[in-house]
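The residues making up each chain are set out below.
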Amino acid sequence: MSYRIGIDIGGTNLVVGLVDENFAIVDEISAPTPASRNPNDVVEALIKLLEKMPCKDVSTIGIGSPGVVDKPTGTMICDNTIDWNNFALGKIIAQAVGIPTFVDNDANCAALGEYAADKTKGYSSMVFITIGTGVGSGVIINDKLLTGAHYCAPEFGHTTYIAKGEPCNCGRTGCYECYASFTALIRDANRLADKSPECQLAKLRSIAPLSGKQIFDCAHSGDETALELVAQFIDYIADGVVNLNNIFDPEVIVIGGGIAKQGDFVIKQVQAKLEKERFCKLQPMPLVKMAILGNDAGVIGAAMLPLYQ
């Protein structure tokens, strides 16, 4: 049996997985992402992990990383978290370990992973949106990954959602990411806690900084303030799903990231809004579902990159 290696470069951890012909992870190791965020330190850590991974029957390596990637060369152009700055990541890894290496954006890789997991269902188009610290997106149309003329697409999280709205770390204001990410949810929860010090969110914050999970747990417990906040957050997500449907007309829309753990609690509200607000109601509704691979999607999708060049 031949194998491929998939690598997911995250803000917290570097994950290296050995993936078989059925796109199942058969071995996996990880290490913390270097705190320096220096590209050379990241590469050094990756090479150490690869040296521990059995590579005898490995045909290719795929790497998913935040940022913009020049796919033909495997060069990281830029990113807000690691100072890649035209860093030849693919070439350096390939020379270090002697295995052809491919690189793409991490959200694209996660989209490929989820697509592979459901490939037996027979569809050929999928939109993937990941809700976490930020908002990532990946689009597959006619079995091909959409990346744009300069490999920058799709950055749905950095499309304008509310004109002159919340400031975004990309330099713009009102980006979708500023409303539909867990960073935004926590920001809004803290604002509510400031205004209503008697609410449950404020009490939780007095013990430890709020997290997305805490906010959802508070809503599930019946707290009215948290319920209203979470309902608004899910509505933001649903608006994005409607927009993505109207732009790409996919057969399937997959929602991933930390929000996937909320299952039907989120999906039902999203489906209801999509049914009501999509542009052409005479055409079939796309299937809207939560991602099923969790953190494995990025590793599996990265391993698949050579098949989608």
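All of the points below concern the structure found in this document. The residue count restarts for each chain, going from 1 along the sequence in the order it is written. With pLDDT at 70 or above as the cut-off, local features in this predicted model cover only qualifying residues; side-chain atom pairs require 80 or more to be listed or tallied, and sums for whole chains, interfaces and linings still use all residues. Calculated side-chain values reflect all of the structure's heavy atoms, with hydrogen atoms and water omitted.

## Examining the packing of helix α8 (residues 224–248) against helix α9 (residues 264–277)
Here is step 1: Taken N-terminus to C-terminus, the directions of α8 and α9 make an angle of 50 degrees; their axes are 9 Å apart at the nearest point. Comparing the axis directions of α8 and α9 gives the class oblique. In terms of crossing hand, the pair formed by α8 and α9 is right-handed. Contacts between α8 and α9 involve Val230, Ala231, Ile234, Asp235, Ile237, Ala238, Asp239, Val241, Val242, Asn245 and Asn246 from the first element and Phe265, Val266, Gln269, Val270, Lys273, Leu274 and Glu277 from the second. In this analysis an axis means a line fitted to C-alpha atoms, helices contributing only their contacting stretch, and an angle means the value between N-to-C directions, from 0 to 180 degrees. Under the scheme used here, helices are H or I runs from DSSP no shorter than 4 residues and strands are E runs no shorter than 2 residues, and both carry numbers assigned from the N terminus. What sets the label is the angle itself: under 35 degrees gives roughly parallel, over 145 gives roughly antiparallel, 65 to 115 gives roughly perpendicular, and the rest give oblique. Crossing handedness: left-handed means the near helix sits turned counterclockwise from the far one by under a right angle, and right-handed means the same turn made clockwise. A contact between two residues is defined here by any heavy atoms of the two lying within 4.5 Å.

## Digging into the packing of helix α7 (residues 212–220) against α8
Here is step 1: Contact geometry for α7 and α8: axes closest at 8 Å, N-to-C directions at 120 degrees. As the angle between them shows, α7 and α8 are arranged oblique. Considering only the axes of α7 and α8, their crossing is left-handed. Within the contact between the two elements, α7 uses Ile215, Phe216, Cys218 and Ala219 and α8 uses Ala226, Leu227, Leu229, Val230, Phe233 and Ile234.

## Comments concerning the environment of Asn243
Here is step 1: Note that Asn243 resides in helix α8.
Here is step 2: Exposure remark for Asn243: the relative accessible area of 33% places this residue in the partly exposed category.
Here is step 3: Along the chain, Asn243 and Phe279 lie 36 residues apart, while their C-alpha atoms are 9.2 Å from each other. Three exposure classes are used, based on accessible area relative to the maximum for each residue type with a 1.4 Å probe and protein chains only: buried under 20%, partly exposed in between, and exposed over 50%.

## Details of the nonpolar core
Here is step 1: To qualify as a nonpolar core, a set must consist of buried Ala, Val, Leu, Ile, Met, Phe, Trp, Tyr and Cys residues joined through side-chain atoms within 4.5 Å. The biggest cluster of nonpolar side chains holds 45 residues, and the ones touching the most others in it are Ile131, Leu201, Phe216, Ile255, Ile259 and Val270.
Here is step 2: Top contributing element to this core by residue count: α8, with 11 residues.
Here is step 3: Leaving out residues up to four positions away in the same chain, Ile255 has contacts with Ile129, Ile131, Val241, Ala260, Ile267, Val270, Val288, Lys289, Met290 and Ala291.
Here is step 4: One finds Ile5, Met76, Trp84 and Val103 within the second-largest nonpolar core, a separate group that totals 27 residues.

## Focus: the side chain of Ser65
Here is step 1: Here Ser65 is to be found in strand β4 (residues 58–65).
Here is step 2: The contacts of Ser65, once residues within four sequence positions are left out, are Ile9, Met76, Trp84, Asp104, Asn105 and Asp106.

## Some words on the pairing of β4
Regular strands place their side chains on alternate faces of the sheet.
Here is step 1: Counting buried residues in β4 gives 7 out of 8 residues, a clear majority hidden from the surface.
Here is step 2: Two strands are counted as paired when DSSP detects at least two bridges linking them. In terms of strand pairing, strand β1 (residues 3–9) meets β4 through 6 bridges, oriented parallel. In the strand pairing of β4, Ile7 is matched with Ile63.
Here is step 3: Of the pairings in the sheet, the one linking β4 to strand β7 (residues 101–105) comprises 5 bridges and is parallel in character.

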